[in-house]
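Fold and geometry: a report
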Amino acid sequence: MTAARATRSATFDSTSPATGEVIATFPVDGPDQVEAAVARARQAQRGWAELGFDGRRRALLAFKALLVRRTDELVALVHRENGKPHADALIELLLSAEHLDWAARHAARVLGPRRAAGTLMLANHAAWVEYQPLGVVGVIGPWNYPVFTPLGSIIYALAAGNAVVFKPSELTPAVGCFLADSFADAVGDRAVFQVVTGDGTTGEALCRAGVDKVAFTGSPATGRKVMAACAERLTPVVLELGGKDAMIVDEDADLDAAASQAVWGGMANAGQTCLAVERVYVVDAVYDRFLDRLVERASRVRPGAGPGADFGPITRPAQLEVIARHLDDAFVRGARAVVGGPEAVRPPFVDPVVLVDVPADALVMREETFGPVLPVVRARDADHAVALANADPYGLGAAVFATRRAEPIARALRSGMASINSVLTFAGMPSLPLGGVGESGFGRVHGPDGLREFTNPKAITRQRFALPFPVQSFDRPGYLLPALRQAMRLRHGRAPRK
Ligand code: NAD
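A few points on the structure. This one's a predicted model, so the numbers in the text were calculated from it and none came from an experiment. (Residues numbered from 1 in each chain as written. Predicted model: local features only at pLDDT ≥ 70, side-chain atom pairs only at ≥ 80, totals over all residues. Heavy atoms only, no water.)

Turning next to the pairing of strand β6 (residues 163-167). Consecutive residues of a regular strand have side chains that alternate between opposite faces of the sheet. Taking burial as the measure, the 5 residues of β6 include 5 buried ones, the bulk of the element. Burial of the side chains of β6 extends over both faces: A163, V165 and K167 are buried on one face and V164 and F166 on the other. Bridge count between strand β5 (residues 136-140) and β6: 5 bridges; the pairing is parallel. Along β6, the bridge assignment pairs G138 with V165. As a crossover connection, the stretch from β5 through helix α5 (residues 148-159) into β6 is right-handed. Regarding the hand of the β-α-β motif, the stretch spanning β6, helix α6 (residues 173-187) and strand β7 (residues 193-195) is right-handed. (Buried < 20%, exposed > 50% of the residue type's maximum accessible area, 1.4 Å probe, protein only. Helix = DSSP H or I, 4+ residues; strand = E, 2+ residues; numbered from the N terminus. Pairing = 2+ DSSP bridges. Right-handed = clockwise from strand over helix to strand, strands pointing away.)

Glancing now at the nonpolar core. Ranked by internal contacts, the top residues of the largest apolar core, which has 71 residues, are M247, V249, V280, F290, L294, V354 and V376. Excluding residues that lie within four positions of it along the chain, M247 makes contacts with A258, Q261, A262, V277, R279, V280, Y281, A399, F401 and V423. Of all hydrophobic cores here, the second largest spans 53 residues; its members include I23, L61, I155 and A191. (Core = buried A, V, L, I, M, F, W, Y, C linked by side-chain atoms within 4.5 Å. Contact = heavy atoms within 4.5 Å.)

Time to look at the site of the ligand. Neighbouring the ligand are 30 residues; K167, E170, S219, T222 and E368 lie closest to it. One of the backbone nitrogen or oxygen atoms of G141 is found 2.8 Å away from an oxygen atom of the ligand. The side chain of W143 places a nitrogen or oxygen atom 2.8 Å from an oxygen atom of the ligand. When the ligand is considered free in solution it has 850 Å² of accessible area, and contact with the protein chains removes 91% of it. When residues of the shell around the ligand are traced back to their parent elements, those giving at least two are α7 (200-207), β8 (213-217) and α8 (220-231). Within the shell around the ligand, the residues separate by chemical class into 11 nonpolar, 12 polar and 7 charged. (Near = heavy atom within 4 Å. Polar contact = N/O pair within 3.5 Å; in protein donor to acceptor, adjacent residues only side chain to side chain. Areas by Shrake-Rupley, 256 points an atom, 1.4 Å probe, with all protein chains shown as cover. Nonpolar A, V, L, I, M, F, W, Y, C, P; charged D, E, K, R; others polar.)

This brings us to the packing of aromatic side chains. On inspection of all chains with the given rule, the structure shows 8 aromatic pairs. Measuring from ring centre to ring centre gives 5.7 Å for W48 and F183, while their planes differ by 70 degrees; the resulting arrangement is edge-to-face. Taken together, the residues span a long stretch of sequence, with W48 in helix α1 (residues 31-50) and F183 in helix α6 at a distance of 135 residues. Each member of the pair, W48 together with F183, is buried. An angle of 45 degrees between the planes, with centres 6.5 Å apart, marks the rings of F166 and F193 as tilted. Here F193 lies in strand β7 and F166 lies in strand β6, a separation of 27 residues in the sequence. Across this residue pair, the class does not change: F166 and F193 are buried. Here the aromatic cluster, defined as three or more aromatic residues joined through ring pairs, consists of W48, F63, F166, F183 and F193. A cation over an aromatic ring shows up here: K84 above the ring of Y145, its NZ or CZ 3.8 Å from the ring centre. Stacked on the ring of Y131, the Lys or Arg R452 has its end atom at 5.7 Å from the ring centre. (Phe/Tyr/Trp six-rings, centres within 6.5 Å; stacked < 30°, edge-to-face > 60°. Lys NZ or Arg CZ within 6 Å of the ring centre and 35° of its normal.)

Glancing now at helix α2 (residues 52-69). End to end, α2 covers 26 Å across 18 residues, agreeing with the expected 26 Å (1.5 Å per residue, within 8%). Turning to α2, its buried residues are G55, R56, A59, L60, L61, F63, K64, L66 and L67. Along its buried surface, α2 packs onto α1, α3 (71-82), α4 (86-111), α5, α6 and β7. (Expected span 1.5 Å × (residues − 1).)

Counted according to the given criterion, the structure contains 2 cavities of 30 Å³ or more. Reported here for the largest cavity is a volume of approximately 100 Å³. Taken together, 15 residues line the largest cavity, and the ones lying closest to its centre are R279, A389, Y394, G397 and R414. When contributions to the lining of the largest cavity are tallied by element, the ones reaching two or more residues are β10 (245-249) and α13 (382-390). For the lining of the largest cavity, a count of residues per class yields 6 nonpolar, 4 polar and 5 charged. There is about 40 Å³ of room inside the second largest cavity. For the second largest cavity, the full set of lining residues is D245, A246, L275, V277, G397, A398, A399, V423, L424 and F426. Looking at the lining of the second largest cavity, the elements that each hand over two or more residues are β10 and β17 (398-401). Split into classes, the residues belonging to the lining of the second largest cavity amount to 8 nonpolar, 1 polar and 1 charged. (1 Å grid on protein atoms, 1.4 Å probe; cavity = no way out; pocket = protein on both sides within 12 Å on 5 of 7 lines; lining within 4 Å. Points joined across faces, edges and corners; volume = space filled by probe spheres on them.)

In this section: helix α9 (residues 255-267). Along its 13 residues, α9 runs 18 Å from first to last C-alpha, staying within 8% of the 18 Å computed at 1.5 Å per residue. Residues L255, A258, A259, A262, V263, G265, G266 and M267 constitute the buried set of α9. Against β10, β11 (277-283), α10 (284-298), β15 (353-356), β16 (373-379) and β17 lie the buried residues of α9. Sitting at the amino-terminal end of α9 is D254, which places a side-chain oxygen 3.2 Å from the backbone nitrogen of D256. Residue N269 follows α9 closely and has a positive phi angle near 55 degrees.

Evaluation of the coordinates by the stated rule reveals 28 salt bridges. Here D101 and R105 are joined by a salt bridge, their closest N and O atoms 3.0 Å apart. Pair noted here: D101 and R105 are both in helix α4, with a separation of 4 residues, about one helical turn. A residue is classified by how much of its surface remains accessible, and R105, at 44% relative accessible area, is partly exposed. With a closest N to O distance of 3.4 Å, K167 and E170 form a salt bridge. Judged by relative accessible area, E170 falls into the partly exposed class, the value being 33%. (Salt bridge = Lys/Arg side-chain N within 4 Å of Asp/Glu carboxyl O.)

Quick look at the structure:
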């Protein structure tokens, strides 16, 4: 892919965040290249749609099987280009395989023609919905889960019969190309799922290239730019944006499990997870006992580039400054570190940090930190914890550790997803939708909603027989309206009994 485009002038290097080693050089695709890719995709989409659900199921399952057979290669590439440990890259691929399997096998049931009930007045018509593919979907992805996150849009869009043009993050283009090359090798078609490479300018070109929808995953700031660019052509968007996910620990929680999951949820992948636990609210009655357990566990976690590391380097160098700024701001405002401290940022790594006494207006409580930093806050009770958690513009995921009140707490949290007595579980369930509210975006990927997100729900009616007294006609007889009026009073005019 790189060689074929080497004639273009502007290129960029993808480098290892751990060592700085150049992994590969890629072209910065401009509007011409992006539009050409979209045109090729539009051509190819017809054939892909005509394969039908069964043909696409087989093709997507072949793609899945090839990705799985290439596990070692892909895991090694993700480790080199993103920096995460092999184990994390493997989990990412495993989750993606589950989603691929689900989308391939369930698209026909979810998107097949669905009969709709008629009404008394239109009893002579049959009615149904057909979920038609949109055409070409532009997918713009981030670097933090370079396999799982973009595939969460790509495979659902493909299963629904669309072609895809994917712009991976400029930090993980090699992984993006690996995915598209594997699809081409498995399916024998290079135009149904293509990759364009480059930075934000390439993403912007994709928004303006006349695609039928843009599925964007990234930061809220870029999400706004994507939406503005798409507005010019009324191109619809699904925005999967950042998060500041809260965990709530109630008085009857299993504190060992809560502490263990808080550390993993906050620090796996160096905290560079949109659904990372970024705030922990603990009710007063168990605060001290929870904190002891959390400190003990978080102190054992180690970053590094070698095989024994729990998490890797910070992938995006600029993020190191954000993490350092959040820590400095928290300390200036009176926060204390009970694990780690001001020296935690040692580029390209950040050591685990657990903060207490953090005021609600500190940056680390309000903005996405995207680092292995866990602020822990004491709440009076569960209602107070929910109120504190909800006083935040983000609304992606959330976690609740509780027994008696677990479900009401999960329901009351302002978020797109919530997990009870675990963290992030919803992302691994292909049958559930994933997406946020507020600053975390809108629209859904994954599950039946994620399949429908990439379709046009087309409503069709078919008159089965003509009525002797046509209503929708200038030729209707004079007696018809008074009769309909009477029928309407009988059917709809009575107030419900108390
Ligand atoms: P980012 O917003 O900087 O970039 C995302 C993508 O947008 C990249 O491919 C980038 O090249 C492209 N881009 C940049 N400017 C653009 C423009 N003007 N027009 C079109 N595209 C443009 O985000 P990032 O740093 O790559 O990823 C981290 C962010 O992604 C975090 O906020 C994280 O929470 C979020 N994220 C969200 C989810 C989710 O499911 N909600 C999943 C993973 C990551």
